[in-house]
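Chain residues, written in single-letter form:
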Amino acid sequence: MAENPAFPSGVPPQAPPRKGQKVPLPRGRYKARGIVLHSMKYGERKLIIHIFTAQYGRRSYITKLSANNNGRGLYQPLFILDFDAWAGRGELHNIEQPQMAFCLGDMPFDIVKSTIALFLSELLYRLIKEGEPDPGLYRFVEESVAELDAMGDGVANFHLWFLVRLTEYMGYAPQDNYEAGYSLDYRNGTYTSEPPLHTLVMPPAEATLFHTLNGCLAEELAGIGLAREQRVSMLERLTDLYGFHTDAIYNVNSLRILSEIF
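Because the structure is a prediction, the values reported are computed rather than measured.

Asks: I'd love a proper account of the pairing of strand 1 (residues 29-42), names of residues and values included.
Replies: Looking at chain direction, strand 1 and strand 4 (residues 80-87) are connected through seven bridges and run antiparallel. If you follow tyrosine 30 over to strand 4, its bridge partner there is alanine 85. The pairing of strand 1 with strand 2 (residues 46-53) spans eight bridges and is classified as antiparallel. Paired with serine 39 across the two strands is isoleucine 49, which belongs to strand 2. If you look at the hairpin formed by strand 1 and strand 2, you'll find three residues sitting between the two strands, and glycine 43 has a positive phi there, around 75°.

Asks: Quick rundown of the pattern of salt bridges? Include the residues and the values.
Replies: Under the counting rule described, the total for this entry stands at nine salt bridges. As a salt-bridge pair, arginine 33 and glutamate 142 come within 3.5 Å of each other at their nearest N and O atoms. Of this pair, arginine 33 sits in strand 1 while glutamate 142 sits in helix 2 (residues 135-150), and the two are 109 residues apart along the sequence. Taking relative accessible area as the criterion, arginine 33 reaches 11% and is therefore assigned buried. Owing to a relative accessible area of 0%, glutamate 142 belongs among the buried residues under this scheme. Where glutamate 130 meets arginine 58, a salt bridge forms, and the shortest distance between an N and an O atom there is 3.4 Å. Of the two residues, glutamate 130 sits in the loop between helix 1 (111-127) and helix 2 while arginine 58 sits in strand 3 (residues 57-64), which places them 72 residues apart along the sequence. On the basis of relative accessibility, which here comes to 11%, the residue arginine 58 falls in the buried class. Salt bridges linked by common partners bring Arg33, Asp82, Arg139, Glu142 and Glu143 together as one network.

Asks: I'd like to hear about the sheet that holds strand 7 (residues 190-192), residue by residue, with values.
Replies: Strands belonging to one sheet form pairs held by backbone hydrogen bonds; the direction of such a pair is parallel or antiparallel. Spatially, 7-6-8 is the arrangement adopted by the three strands of the open sheet, whose pairing is antiparallel. Of all strands in the sheet, those bounded by a partner on one side alone are strand 7 and strand 8 (201-202). The pairing of strand 6 (residues 183-185) with strand 7 spans three bridges and is classified as antiparallel. From the neighbouring strand, leucine 184 faces strand 7, where its bridge partner is tyrosine 191.

Asks: Talk me through helix 6 (residues 254-261); I want residue IDs and the actual numbers.
Replies: The periodicity of an α-helix, 3.6 residues per turn, causes residues three or four positions apart to be oriented the same way. If you check which residues of helix 6 are buried, you get Ser254, Leu255 and Leu258. With its buried residues spanning 110° around the axis, helix 6 presents them on a single face. Every exposed residue of helix 6 that faces more than 90 degrees away from the buried side is listed here: Arg256 and Glu260. On its buried face, helix 6 is in contact with helix 1, helix 3 (158-170) and helix 5 (228-245).

Asks: Go over the nonpolar core, please, and point to the residues and values.
Replies: Note that soluble globular proteins tend to have their nonpolar side chains buried in a common cluster. Leu137, Phe158, Trp161, Phe162, Leu166, Met202 and Phe210 are the most contacted members of the largest nonpolar core, which totals 78 residues. The dominant element in this core, judged by the number of residues it contributes, is helix 3, at nine residues. With residues up to four places along the chain from it excluded, the contact list for leucine 166 reads Leu123, Leu124, Leu127, Leu137, Phe140 and Tyr242.

Definitions and limits used
- Residues numbered from 1 in each chain as written.
- Predicted model: local features only at pLDDT ≥ 70, side-chain atom pairs only at ≥ 80, totals over all residues.
- Heavy atoms only, no water.
- Pairing = 2+ DSSP bridges.
- Helix = DSSP H or I, 4+ residues; strand = E, 2+ residues; numbered from the N terminus.
- Salt bridge = Lys/Arg side-chain N within 4 Å of Asp/Glu carboxyl O.
- Buried < 20%, exposed > 50% of the residue type's maximum accessible area, 1.4 Å probe, protein only.
- Arc of directions from axis to C-beta.
- Contact = heavy atoms within 4.5 Å.
- Core = buried A, V, L, I, M, F, W, Y, C linked by side-chain atoms within 4.5 Å.

Following this line, the structure appears as structure tokens:
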């Protein structure tokens, strides 16, 4: 994993909530860290930002922009921010003094990495429910951002690796019963020696790749040589897997762009 001392040893600093535990937002002022999933302009000089926070899960915030829109650049897909927030009269809390939690040296300027970041942020925006903390998922996403930013060779496989690893946190992962030559029956969540009669299955080649990606580190992706046709085929299979569990994947507009680049 890419080393990044900017990550505090405990995120969040206090005892983390249990997965799915409802945690009310504090009243008054508070500090938070979170990952930007989505932002949209509201009126002439306001921005609504959906942020996956370490302590409070996915939350929606609002901020005022200056006359020349200074500060909007901080709310890019998968940027990790430390910020102050305070409760206003409505449901949206206000953001003040946002800062990058650590400096992204490559991702904002590399078209391939920024396209991956756009896809992953949009996917997470569709998948993660409002207000449900998930410390394990948060840590995985935060560390993955650092991995993507630092990665050299192997970046073309990163989105596949992320989608495979994400199945564990979403509850979509199959049983750990892989054997060489098995297919992956993702309707029943298991590897199987005999292909099932239904079509919700990855054939042995893709099932092997799923198993390989699930067992490797991001830094090992450069050693997995895939042709473009293999990446496209695997992305289609993973889209079907996610689509079996949720329609959210089909609302990810950047999926088509990702398919064209890789």
